[in-house]
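Listed below, chain by chain, are the residues.
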Amino acid sequence: MHGFERGGWRWPMAVGHALLGLLLLICLSFAAAPIPNPQPTAPVLVLDDFERGVSKWLLNDHTKAASGQVTFCEILPSPSGAPEGGGKGGAIITFKRSTEGWATVSLPVDGKKWKAIGAERLSFWLRGDGSDNHVELMLRATSGGKETRFGVTVPLNDPQWHKVVLPFSRFKNEGASLADSMEQIYLVQFLKRSRWDSLFFTIDQIQVEGVSTTPEVAITPRPTTPLTGKRTNITVDFAKTLGATAVTLSVNFEGDEARLLDGDFQESLRNFGPRFVRVKAAALLKMDASGGTPTWDFTSLDNVVSAVRNVGAEPFICLSPHPEWKLTDEQFLQLCADTVEHLNANAERKVNYWEIFDAPTFGAAAISIEQATERFNRIRQRLKAIDPSLKIGGVALASAWQPHLLYFLKHAQGTDFLSFYFYGTHNGITTDAELFAAARRTVAGDVPYQIAFDDLRRAMAQGRWNVPVFITECSLNSLRTPEGASRDKRLTSPFSAAWWMSFLKAAGPYVNHVMVFNAAHESWGLLDEKGRAYPAYYALWLFSKFFPAGSAVASARSDNPNVLPLAVNTPTAHNVMLVNLSDQPAHCRVAARGVGTLRQVRGRFLEAHGRGVRFEEHLPLIPTQDVTLPAYAAAVVQFIEPPKPAQQ
């Protein structure tokens, strides 16, 4: 920073640099203490991970006896499985339309092995066809020539990968106990019978899971309070609306292109569904100045832009000079124009969003906010001359410093969006409670002169700045190693899931885009080195799917400060999110008002330790629901009414 004003005083640039150096020294001196990342301890028996195809599975239907051919069902290997499905393979199961009869896709199993591990539930990863169809899942047992079947119905209405967990208590058979028949189970079977429409689904990592005998590991090293069993009461009134959500989720990609070109990583990112992937051009462009005038190699940038589109997202390009390039203002201006013209040479697939600068007032090569604004105006004018329809914004300030943001808004000669970073903290000594407070206030506790998001929106309205707000880097802690890895182990723990949910609840009405940092490196808590999800991935997915931009926010109250509620009305459901901000389980009762006759009540539960999302399709058809949240977990309860008749 080159100086800032407070109470009529202007701090000299040298003093600002000295304070910044002291802050950085403190940050590097207090790296976050390691926090255990709990792992599953229950015994697991994998029935099929589909890494070797589908040869174990058997097909049968009512036509086979007569013709020797199976007509109404099929199983085929899928080249890609679920993000956490154990590998690259999955299986696609199809049932063709039939007006009578039956069809089965079956896997032989050994129930003795199930009993040996104390099996209590069956789980698998599923991607449905998005229809109202369902499939029966049957466990078949035989003893003394007598056949016993235990069944459960599995809906196929969710076209995204999700984990299905079925406790054995869910499998029904009148007069028989699955526990008593465990050793005699010999077949797992997907079944359709009588009359059905065509359907398909993809499955991966089908397994049985036993009983965990290891106590849960505390998320933080401090002493915890024993569970008292007190119930948390959540009161929701869907008829009383308080505004609307505005936020859409995107991600940052800051790494080499090999990571983004990896097939498993692409599949995980595609399932996450970001609107944008922010790419820093300076990290990918290669300069050749041997001829005196800089020339540029765009190959790596081209590869990344193509990969971003391949995952279904829109490229968001940040243009900022690399300190090692030592470009003049005119040379950087020319580079911006060259990059836009290069990437948009094909008008049918042009890049529309361009961010000018990357934390320009911060770091060794810092410039003043006055210089950044003046250069932004020149660059924006040049790029708009190339294509007036482009969205040109900035200036990606390193934090929401009030004097800098207000100066930029006052002196920018137009901008299509305002951008800055938000980190909950910038050091290794901030406590969990302080991080949650930063999330809920939208103000980090260790940076001066910030403006909260609601105050920023009011200031923008007074200045008639009706433009989107982009948080183009966002995470709970900015502290990192010289190589770019996060120093805060909380990012990969369940704590991160709860932090993100609390932050998005607070930020949701005021900002339009939040870009999670950093999808390219496993230490930042989104995806690990194999493209598998951390707890924050699932929490962000829950928010993105069930609390989309434009949802009407409803009144929601909790009598427990450690359980945070958010309720919205969407075109298809009344949704309630619950977030546990503590390291102890929370037993909640949700009482919903403003709902009519219920057609369905569904639950989406972030499992203990954040290992996945459990789907419950058929909760009781009543407006009062009981939910137990593990430590730092989240849940979404959906109250769904019958479709309303079309207006005449």
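These figures come from a predicted structure and were not determined experimentally.

Peer 1: Before we go on, may I ask you to explain the side chain of S320 in this structure?
Peer 2: One can find S320 in the loop between strand 19 (314-319) and helix 7 (329-343). The class of S320 is buried, set by a relative accessible area of 13%. Excluding residues within four positions of it along the chain, S320 makes contact with A282, W325, F332, F357 and D358.

Peer 1: Would you take a moment to explain the pairing of strand 26 (residues 563-569) for this structure?
Peer 2: Successive residues of a regular strand alternate their side chains across the two faces of the sheet. Within strand 26, seven of the seven residues are buried, which leaves it mostly tucked inside the rest of the structure. Direction of pairing for strand 25 (residues 552-558) relative to strand 26: antiparallel, over a ladder of three bridges. Looking at the pairing, A554 lines up with A567 of strand 26. Here strand 25 folds back onto strand 26, and the loop between the two strands holds four residues. Alignment of strand 26 against strand 27 (residues 574-580), held across seven bridges, turns out to be antiparallel. What sits directly across from V568, in strand 27, is N575. The loop that links strand 26 with its antiparallel partner strand 27 comprises four residues.

Peer 1: Would you explain the side chain of R140 in this entry?
Peer 2: Tracing the chain through its elements places R140 in strand 9 (residues 134-143). Under the relative-accessibility criterion, R140 is labelled buried at 15%. Among the polar contacts made by the side chain of R140, one reaches the side chain of Q189 at a distance of 3.4 Å. Residues contacting R140, with those up to four places away along its chain left out, are E147, T148, R149, Q184, I185, Y186, L187 and Q189.

Peer 1: I'm lost on helix 5 (residues 263-272) in this one. Help?
Peer 2: Side chains of residues three or four places apart in an α-helix project in the same direction, reflecting 3.6 residues per turn. In terms of residue burial, helix 5 counts as a mostly covered element, since seven of its 10 residues are buried. Every buried residue belonging to helix 5 is among F265, Q266, E267, S268, L269, N271 and F272, and all of these are buried. Buried residues in helix 5 make contact with strand 8 (121-127), strand 15 (248-253), helix 4 (257-261), strand 16 (276-280), helix 6 (299-310) and helix 13 (535-546). Its side-chain oxygen at 3.2 Å from the backbone nitrogen of D264, D262 defines the N-terminal cap of helix 5. Backbone geometry just downstream of helix 5 places G273 in the positive-phi region, at approximately 75 degrees.

Peer 1: Where do I start with the pattern of salt bridges in this structure?
Peer 2: When the charged atoms of two side chains with opposite charge come close together, those side chains can pair. Inspection of the entire model under this criterion finds 30 salt bridges. A salt bridge links R127 to E267; the nearest nitrogen and oxygen atoms lie 3.2 Å apart. One end of the pair, R127, is in strand 8; the other, E267, is in helix 5, and 140 residues separate them in sequence. Residue D455 is joined to R458 by a salt bridge in which the shortest nitrogen-to-oxygen separation is 2.6 Å. Taken as a pair, D455 and R458 lie in helix 11 (residues 453-462) at a separation of three residues, close to a single helical turn.

Peer 1: What should I look at first to understand the packing of aromatic side chains in this one?
Peer 2: Aromatic rings considered in pairs are described by the distance between their centres and by the relative angle of their planes. Enumeration over the complete set of coordinates arrives at 37 aromatic pairs. A centroid spacing of 4.7 Å and a plane angle of 65 degrees characterise the contact between W296 and W325, whose relative ring orientation is edge-to-face. Taken together, the residues W296 in strand 18 (residues 295-297) and W325 in the loop between strand 19 and helix 7 connect sequence positions 29 residues apart. Neither W296 nor W325 differs from the other in exposure class; each is buried.

About the cut-offs
Residues numbered from 1 in each chain as written. Predicted model: local features only at pLDDT ≥ 70, side-chain atom pairs only at ≥ 80, totals over all residues. Heavy atoms only, no water. Helix = DSSP H or I, 4+ residues; strand = E, 2+ residues; numbered from the N terminus. Buried < 20%, exposed > 50% of the residue type's maximum accessible area, 1.4 Å probe, protein only. Contact = heavy atoms within 4.5 Å. Pairing = 2+ DSSP bridges. Polar contact = N/O pair within 3.5 Å; in protein donor to acceptor, adjacent residues only side chain to side chain. Salt bridge = Lys/Arg side-chain N within 4 Å of Asp/Glu carboxyl O. Phe/Tyr/Trp six-rings, centres within 6.5 Å; stacked < 30°, edge-to-face > 60°.

So far we have only geometry, and geometry alone does not tell us how the molecule works.
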